[in-house]
Amino acid sequence: MSAEFGGRSGRQGKLSQWLRGRRPKQVPADGDREALLLAAAEAGLPLAPAAHPSGYRCSCDRVGCPTPARHPVSFAWQTQSTTDRGQIERWARHQPQANFITATGMVHDVLDVPLDAGREALGRLVEAGVEVGPVAESDDGRMLFFTLTRGTPEDEDEWWPCELDCHPETMDEHPGLRWHCRGSYVLVPPARLPGDDDPSVHWVRGPEHPLPDPLSLLEYLTDACARYAGEHTGPAEAAWPLRH
């Protein structure tokens, strides 16, 4: 795969225009928080309440929270996560400032990559005619590709726990691709990060897009991450997927 699409050719501008114009019309605007959450739940993404910004800090009571506004509020978030419309409506209305996470490894996984690498890979996937499912961007420099899970819910012994994501402050140690599966979570749009009044996590492609097999995206994402790691950190091994 050529590297020209990712950074220095005139096609980068076309890709940026495409990204800005591709938010599906069926998806509610970012301001319609409850409708966006319900759309995610209707697509099968199990949701649970998360912390929210309190100024430049986190709403939780942890001193020096390492992941402000990015984590669930309950230790029982895995069993609490649900697609039940009534429960999500109650949470959204009773906790109007709360972010929400979606638990991965039950219905879906998430391939989480640096934003520049993700944009490059997304353009290449579209050019190649590969089916791409929901995609979200985060203002902290990440792009999230939502896929079918590779877990096996019928067989608990084959599910891989995602211990690293229980300690998400280690993200800086793994700047490449992270594969969120069993035991992990990501913020679901719309979500705000500290210091932002507008949603910091938003859909590029909404949840009405069918979830693809992650393996159909993996080569494009690892290829883009390898170039990203080579340009920003030197060794390309940081781009290899970290399966949790």
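See the structure above.
Let me sum up the structure you'll find in this document. (Residues numbered from 1 in each chain as written. Predicted model: local features only at pLDDT ≥ 70, side-chain atom pairs only at ≥ 80, totals over all residues. Heavy atoms only, no water.)

### Observations concerning unusual backbone geometry
Backbone geometry follows two general trends: most residues other than glycine have a negative phi, and most peptide bonds adopt the trans configuration. Residue Pro 190 is reached from Pro 189 by a cis peptide bond, and omega for that bond is -5 degrees. When you line up the elements, Pro 190 lands in the loop between strand S9 (185-188) and strand S10 (201-205). A positive phi angle, near 70 degrees, is found at Ala 69, a position not held by glycine. Its relative accessible area of 0% is what places Ala 69 among the buried residues. (Helix = DSSP H or I, 4+ residues; strand = E, 2+ residues; numbered from the N terminus. Buried < 20%, exposed > 50% of the residue type's maximum accessible area, 1.4 Å probe, protein only.)

### Observations concerning the environment of Val 130
Secondary-structure assignment places Val 130 in the loop between helix H5 (115-128) and strand S6 (135-138). In sequence terms Val 130 and Pro 212 are 82 residues apart; their C-alpha atoms lie 9.3 Å from each other. Residues within four places of Val 130 in sequence aside, it is in contact with Leu 125, Ser 216, Leu 217 and Tyr 220. (Contact = heavy atoms within 4.5 Å.)

### Side note on the packing of helix H2 (residues 33-42) against helix H4 (residues 85-94)
Running from N to C, H2 and H4 cross one another at 150 degrees; their axes reach a closest spacing of 10 Å. Put simply, H2 runs roughly antiparallel to H4. When the axes of H2 and H4 are compared, the crossing they make is right-handed. Contacts between H2 and H4 pair Arg 33, Glu 34, Leu 37, Leu 38, Ala 41 and Glu 42 from the former with Arg 85, Ile 88, Glu 89, Ala 92 and Arg 93 from the latter. Partitioned by chemical class, the residues of the contact of H2 with H4 number five nonpolar, no polar and six charged. (Axes fitted to C-alpha atoms, helices over the stretch in contact; angles between N-to-C directions. Parallel < 35°, antiparallel > 145°, perpendicular 65-115°, else oblique. Left-handed = near helix turned anticlockwise from the far one by under 90°. Nonpolar A, V, L, I, M, F, W, Y, C, P; charged D, E, K, R; others polar.)

### Quick word on the packing of aromatic side chains
One pass over the structure, following the stated rule, counts three aromatic pairs. When the ring of Trp 77 is compared with that of Tyr 185, the centres are 5.0 Å apart and the planes differ by 75 degrees; the resulting orientation is edge-to-face. Taken as a pair, Trp 77 in helix H3 (residues 77-80) and Tyr 185 in strand S9 lie far apart in primary sequence, 108 residues in all. Assigned by exposure class, Trp 77 and Tyr 185 land together as buried. Plain terms: the ring middles of Trp 91 and Phe 100 are 6.3 Å apart, the flat faces sit at 50 degrees to each other, and that makes the pair tilted. Across the pair, Phe 100 and Trp 91 agree in class, each one buried. (Phe/Tyr/Trp six-rings, centres within 6.5 Å; stacked < 30°, edge-to-face > 60°.)

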